[in-house]
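Breakdown of the fold
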Amino acid sequence: PTLSVGQGKLHHTMLWLGPKGTVSPLHFDPMDNILIQLVGSKRVRLFSPDSTQHLYAGNDGNQYNTSAVDIERPDLDKYPLFQEALPALDCELDEGDSLFIPRKWWHHVRSVTMSASANVWWR
């Protein structure tokens with residue numbers, strides 16, 4: 001069997017630079033993407049799209065693809081369904097590592113050190 005991801009058409013690239021502790025809050029992208037770690041390291045936590053109903057997307061003024069839950073310090077009184085989300089997948093990217101993030105997979109990213117990374121999205 002042949003595995004295909006989208007139509008293979010490059011959509012967008014982005015270079016991310018930031019100090020230790022920089023956070024990209026829990027969100028999903030509508031397209032497949034690859035996160036490429038160029039310098040330093042990042043910690044990534046992924047949640048399946050099957051957890052969407054437990055992640056409070058679009059609440060508290062957030063965009064439809066961004067969770068209101070601070071997953072590092074979740075307020076379970078305010079967001080009780082978060083504890084029912086499927087277990088997260090955790091990984092750490094070091095220089096030279098890449099991570100494929102399928103479309104609509106939720107991801108939270110924190111720079112462990114000063115960091116430079118790139119994203120490539122395609123259709």
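You'll find the structure just up there.
This report concerns the structure included in the present document. (Residues numbered from 1 in each chain as written. Predicted model: local features only at pLDDT ≥ 70, side-chain atom pairs only at ≥ 80, totals over all residues. Heavy atoms only, no water.)

**With respect to unusual backbone geometry**
Our working definition: The numbering of helices and of strands both runs from the N terminus, where a helix is a DSSP run of H or I of at least 4 residues and a strand a run of E of at least 2. Type-normalised accessible area, obtained with a 1.4 Å probe on protein chains alone, sets the label of each residue: buried when under 20%, exposed when over 50%, and partly exposed for intermediate values.
The phi angle at Tyr56 is positive, at roughly 55 degrees, despite the residue not being glycine. Residue placement: Tyr56 occurs in the loop between β4 (42-47) and β5 (89-93). In this structure Tyr56 comes out as buried when scored by relative accessible area, which is 15%. One non-glycine residue, Asp60, lies in positive phi territory at about 55 degrees.

**So, a nonpolar patch on the surface**
Stated formally: Residues enter a patch when their relative accessible area is above 30% and they make no salt bridge; the linking distance is 9 Å between like charges and 5 Å between nonpolar side chains (Val, Leu, Ile, Met, Phe, Trp, Tyr). A 1.4 Å probe and the Shrake-Rupley method give the accessible areas. Residues count as covered only by the protein chains that appear here. By definition, a salt bridge exists where a carboxyl oxygen of Asp or Glu is found within 4 Å of a side-chain nitrogen of Lys or Arg.
The grouping of Leu15, Leu17, Leu38, Val39 and Met114 at the surface amounts to a nonpolar patch, some 490 Å² of accessible area in total. Those elements giving two or more residues to the nonpolar patch turn out to be β1 (10-18) and β3 (32-39). Mapped onto the secondary structure, Leu15 falls in strand β1. Accessibility expressed as a relative area gives 52% for Leu15, which makes it exposed.

**Looking at the nonpolar core**
For clarity, the cut-off: In this description, a nonpolar core means a group of buried Ala, Val, Leu, Ile, Met, Phe, Trp, Tyr and Cys residues linked to one another through side-chain atoms lying within 4.5 Å. What makes two residues a contact is simply this: any of their non-hydrogen atoms within 4.5 Å.
Counting 12 residues, the largest nonpolar core is built from Leu26, Phe28, Phe47, Leu55, Tyr56, Ala68, Val69, Ile71, Tyr79, Phe82, Ala85 and Trp106. Filtering out sequence-adjacent residues up to four positions away, Ile71 remains in contact with Leu26, Arg45, Phe47, Phe82 and His108. Counting residues in each nonpolar core, the second largest holds 7 residues, with Leu35, Leu46, Leu93 and Val109 among its members.

**Some thoughts on the layout of surface pockets**
Spelled out, the test is: Cavity and pocket criteria rest on a 1 Å grid covering protein atoms alone: a 1.4 Å probe that fits but cannot get out defines a cavity, protein on both sides within 12 Å along at least 5 of 7 lines defines an open pocket, and an atom within 4 Å of a point defines a lining residue. Grid points are joined across faces, edges and corners, and a volume is the space filled by probe spheres set on the points. Charged residues are taken to be Asp, Glu, Lys and Arg, nonpolar residues to be Ala, Val, Leu, Ile, Met, Phe, Trp, Tyr, Cys and Pro, and polar residues to be all remaining types, Gly included.
Roughly 290 Å³ of volume is contained in the largest pocket. Lining of the largest pocket is provided by 18 residues; of these, Trp16, Ser24, Lys42, Val109 and Asn119 occupy positions nearest its centre. Put simply, the parts of the chain that give the lining of the largest pocket at least two residues each are β1, β2 (23-27), β3, β7 (106-111) and β8 (115-122). Each residue belonging to the lining of the largest pocket can be placed in one class, and the counts come to 7 nonpolar, 9 polar and 2 charged.

**Thoughts on the sheet that holds β2**
Whether parallel or antiparallel, the strands of a sheet pair through hydrogen bonds between backbone atoms. Condition: DSSP calls a pair of strands paired once it identifies at least 2 bridges connecting them. Helix axes are fitted to C-alpha atoms over the stretch in contact, other axes to C-alpha atoms as well, and angles between N-to-C directions run from 0 to 180 degrees.
Taken in spatial order, the 4 strands line up as β2-β7-β4-β5 in an open sheet, and their pairing is antiparallel. Strand pairing shows two members of the sheet lacking a second neighbour, β2 and β5, which therefore form its edges. Pairs of neighbouring strands in the sheet enclose a mean axial angle of 15 degrees, with direction left out of account. Alignment of β2 against β7, held across 3 bridges, turns out to be antiparallel. Along β7, the bridge assignment pairs Ser24 with Val109.

Spatial relationships are all this shows, so hold off on functional conclusions.
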